[in-house]
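Each chain, written out:
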Amino acid sequence: MTTTRTQARAPRVGESALRPDGIPKVQGRFLFGNDLWADGMLWGKTLRSPHAHARIARIDVTPALAMTGVFAVLTADDVPGSGVFGLEQADQPVFASGVVRYVGEPIAVVAADHPELARRACEAIVVEYEVLTPLVDSQAAITAAAIHPDGNILRHLVIRHGDIDAIGDVVVEGIYEVGMQDQAFMGPESGLAIPDDDGGVQLFVSTQFVHADRDQTAACLGLPPDMVRATVAGTGGAFGGREDICLQVHVCLLALRTGRPVKMLYSRDESFVGHVHRHPARMEYRHHARRDGTIVKVEARVVFDGGAYASTSSAVLANACCFGAGPYRVPNAFIEGWAVRTNNPPCGAMRGFGAVQTCFAHEAQMDKLADALAIDRVELRLRNALEPGDTIITGQRITGTAPVAAVIRACADAPFPAGAELDPDSESAPMLLRPGGAGRTADARHVTRALGFAVSYKNLMFSEGFDDYSTARVRVEDGIATVHCACAEVGQGFVTLAQQIAREVLDIDEVVLAPADTHVGSAGSTSASRQTWMSGGAVEGACRLVKAQMEADAAAGTVQRVYEATFEHHHAPTQRLDENGQGDAHVSFAFAAHRAVVDVDRDLGLVRVVDVTTAQDVGRVLNPVQALGQIEGGIAQGVGLAVMEELVVDQGRIRNASFTDYLIPTALDMPTVTVAALIEEPEPGAPFGAKGIGEPPTISSTAAVAAAIRAATGRAVDRVPVRPDDLLF
Amino acid sequence: MTDQAIAITVNGERRKGRTEARTTLADFLRDELALTGTHVGCEHGVCGACTVLLDGEAVRSCLVLAVQADGADITTIEGIGPEPGRLGPVQQAFMECHGLQCGFCTPGFVVSVTSFLAEQPAPTDDEIREMLSGNICRCTGYQGIVAAVHRATELIEEATA
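1. A closer look at the overall build of chain B
Helix and strand content of chain B: five helices and five strands. Reading the helices (α) and strands (β) of chain B from amino to carboxyl end gives β-β-α-β-β-β-α-α-α-α. For chain B, the C-alpha atoms occupy an extent of roughly 50 × 35 × 25 Å along the three principal directions. When burial is assessed residue by residue, chain B has 57% of its 161 residues classed as buried.

This is the structure:
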């Protein structure tokens, strides 16, 4: 949609280049999917199930179709291609037919000439249900009667590593839970579909994976993929919540049926049922160690609630298990993971992708272990910290960088920022900055301050044999370079990096970015901290091909007017995990440490996070100001999960689907974020040595805040988000 | 449904239109006047993305009916700069300080901060955070935004010095 040009100054790799989309964004000129408009366009609206589990006895759309201004009403009977879709397995119906499996499942869509009319037409559709008992207990789902033809087990993964019968001198146990977090991106789901003369369709959609959108949509429309021309529309955040499709098929079906452009735009409450969430998890852990603090074995059993459909549950569970022992040398491990289907809202990708949940558990365990051994908590982590050449619990040897001890030391040794000292003058703290803020301000004498520490690691890019390549096409003409890459810019700043990389390689100042669309090969998903590595590498590769041609021609004295090259960047191949959960399943790893300081009001159970200090393994910083932005923003979401963010689900129904009731940290809730160190050890095989940086900030920040609350209160704090009741009763 | 005629001044320009009584100012600006820089994030006054100036006061345009704004003077993000194509100090500061990522919340923040700094030209960190707490950003963690507010005060001071 937008073609952006460079600013006058042209910074290269490693400099704090400003976003090329920054000016239109601060001016309100940047067009989000929400803002798109086409002449004669209709508005699409979705009718959704009010039940978590029910049989559909009858659907009658005639009252809606009879309304003046309604142009189409479509149900499962109107899907010409595949009736089901899904990122990993096609198990989710475009429209429910026969049975509904979660509250909010689409039943029908309407196109009308006014959004309000479309909404009323949805209400006019008659659906008769026979309500069934919903399956909402993830543990029970393992053995309960199947609620889907594919069964209730989305994945059962067992990691057996070393001697699974090994016993330590000291054993600590715990049971931990994580609630359901929402990505809560600011720009609700939106898309515009325009029918093409040849029977195909153009789709402009806010997304983080436009080629997967295209492929799934085409399959459901019964069209060859190249007849669905998809473009990334301005995207107001994503954080995993836009990796699965939502309205893509619906809006295209309506456009093709009516022959007119159709726009769909979710309301905020609809958005909460329109995308997947972070999996709620229940995790049982047992750690064994020698008296000197050496970890002997980690045992765990984790159950992740995948909700009604598969989405990416399988890969999420793999991450949860693979990184479930933390960034430590663990010679023996037995980890059993289940991802199960229930009638709860579907869960899938969210920043941290499975590693967040088990990090909360394994870091609580590390603190327990340290206390049981009477070893300092940081020291215990240092003694067991992974190093390059070590083997992780999946049997994979770390061949790249692993500065685990470096991130731990830098974070633990950092001075406390002003105001976050451990011995505060709390009586002089401004009322607003006390637990409870302006609403229920604490009595300063009853506030306890404490710190917590946590470390994490996670894979970069997709794992388990998935070849998630990226493609870039670069053209140089009249001294201007044009980069065409389908990488979805969702706020992370790839547009800035793409320009920096092209300038660096080509030594050309002016770099234009073509729209991210399906007229070029796939860039894969903007997820898994992968785009700097994958699409950054694709842009670098294409630029190098162009540069080589230009240099060869210059040497031969035959200069061309236009140079163009396309490069497909693949990361090193990975393996699937075997029946013991062993294999070289991952490309690369990133590590981070977090130290949180909290104030807890002991009377009311309210928490204020005062500071989060971090050190992170980044490989190499390509843009310092953007790296900082990712770290600060990621920590905000980690803090949110620790103390306030939870979708409250009751019998499959989300009870707080609004920004009034689903709380996101505001500027007053957010602590200061102090970056003690960005550890720059260039990663072999990574373009410019840079590792992805988006996810690690979210992973151990939650665990660090929880540890600090535990330290302040002496409570178990075995569940996040921490609620006042958890600290009082 | 009965349309009502309204006349408002938007970004210095007199605009007339007909609207249903139930239409919010946000929808009127976006759908009738094609001023899509005013974003709707929550639809009920929590997130602040739709903030505009109404007779100089920052308001959430999703909580104001278009008919209530009849006769008012509205400034949206599109009119917050000194002249078309030039950035105002708050806009410039958000750019420089990386006070945005996805940018969906940015217009609301820029308008809110512009209004705030007109009343409070030299705020402390705590005052800034209190003021900003009426707007939600999901990407940045706010540090870039707090820095942008400080930077904006400098830019305003430089411009008036």
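2. Notes on the pairing of strand 13 (residues 228-232) of chain A
All names here are of chain A. Of all five residues in strand 13, five are buried, a share of seventy percent or more. In terms of strand pairing, strand 12 (residues 201-205) meets strand 13 through five bridges, oriented parallel. Bridge pairing in strand 13 links Phe-204 to Thr-231. Assessed by its sense of winding, the connection that carries the chain from strand 12 through helix 5 (residues 210-221) to strand 13 is right-handed.

3. Here we look at the pairing of strand 24 (residues 606-617) of chain A
All names here are of chain A. With respect to burial, strand 24 is a largely interior element, 11 of its 12 residues being buried. If you look at the hairpin formed by strand 23 (residues 588-601) and strand 24, you'll find four residues sitting between the two strands, and Gly-605 has a positive phi there, around 70°. Two strands pair when backbone bridges link them, and strand 24 and strand 27 (residues 672-679) are joined in this way by seven bridges, in the parallel orientation. Across the sheet, the residue bridging to Val-612 is Val-673, located in strand 27.

4. Quick word on the packing of helix 2 (residues 89-96) of chain B against helix 3 (residues 106-119) of chain B
Residue and element names in this part refer to chain B. Following both chains from N to C, one finds helix 2 and helix 3 inclined at 125°, their axes separated by 9 Å at the closest point. Classified by the angle between their axes, helix 2 and helix 3 sit oblique to one another. For the crossing formed where helix 2 meets helix 3, the hand is right-handed. Only Thr-106, Phe-109, Val-110, Val-113, Thr-114 and Leu-117 of helix 3 make contact with helix 2, whose side of the interface consists of Val-90, Gln-91 and Phe-94. Taken together, the residues of the contact of helix 2 with helix 3 sort by class into six nonpolar, three polar and no charged.

5. Focus: the sheet that holds strand 12 of chain A
All names here are of chain A. Ordered by their spatial adjacency, seven strands build an open sheet running 3-7-1-14-11-12-13, and the pairing between neighbours is mixed. Two strands close off the open sheet at either side, each with one partner strand: strand 3 (70-74) and strand 13. Between one strand and the next, the sheet's axes are offset by a mean angle of 20°, whatever the strand orientation. With three bridges joining them, strand 1 (residues 42-48) and strand 14 (residues 262-265) adopt parallel strand pairing.

6. Comments concerning the domain arrangement of chain B
Residue and element names in this part refer to chain B. Per the domain assignment, the segments of chain B are domain 1 (3-79) and domain 2 (89-160). Domain 1 and domain 2 are separated by 22 Å when their C-alpha centres are compared. Domain 1 puts 15 residues into the contact, and the matching count from domain 2 is 13 residues. Both sides of the domain 1 and domain 2 interface together cover about 1,000 Å² of buried area, and 63% of this is carbon and sulfur. Where domain 1 touches domain 2, the interface holds zero salt bridges.

What counts as what
Residues numbered from 1 in each chain as written. Chains lettered and ligands numbered in written order. Predicted model: local features only at pLDDT ≥ 70, side-chain atom pairs only at ≥ 80, totals over all residues. Heavy atoms only, no water. Helix = DSSP H or I, 4+ residues; strand = E, 2+ residues; numbered from the N terminus. Buried < 20%, exposed > 50% of the residue type's maximum accessible area, 1.4 Å probe, protein only. Pairing = 2+ DSSP bridges. Right-handed = clockwise from strand over helix to strand, strands pointing away. Axes fitted to C-alpha atoms, helices over the stretch in contact; angles between N-to-C directions. Parallel < 35°, antiparallel > 145°, perpendicular 65-115°, else oblique. Left-handed = near helix turned anticlockwise from the far one by under 90°. Contact = heavy atoms within 4.5 Å. Nonpolar A, V, L, I, M, F, W, Y, C, P; charged D, E, K, R; others polar. Domains from an automatic or database assignment. Buried area = accessible area lost by both parts, 1.4 Å probe. Salt bridge = Lys/Arg side-chain N within 4 Å of Asp/Glu carboxyl O.

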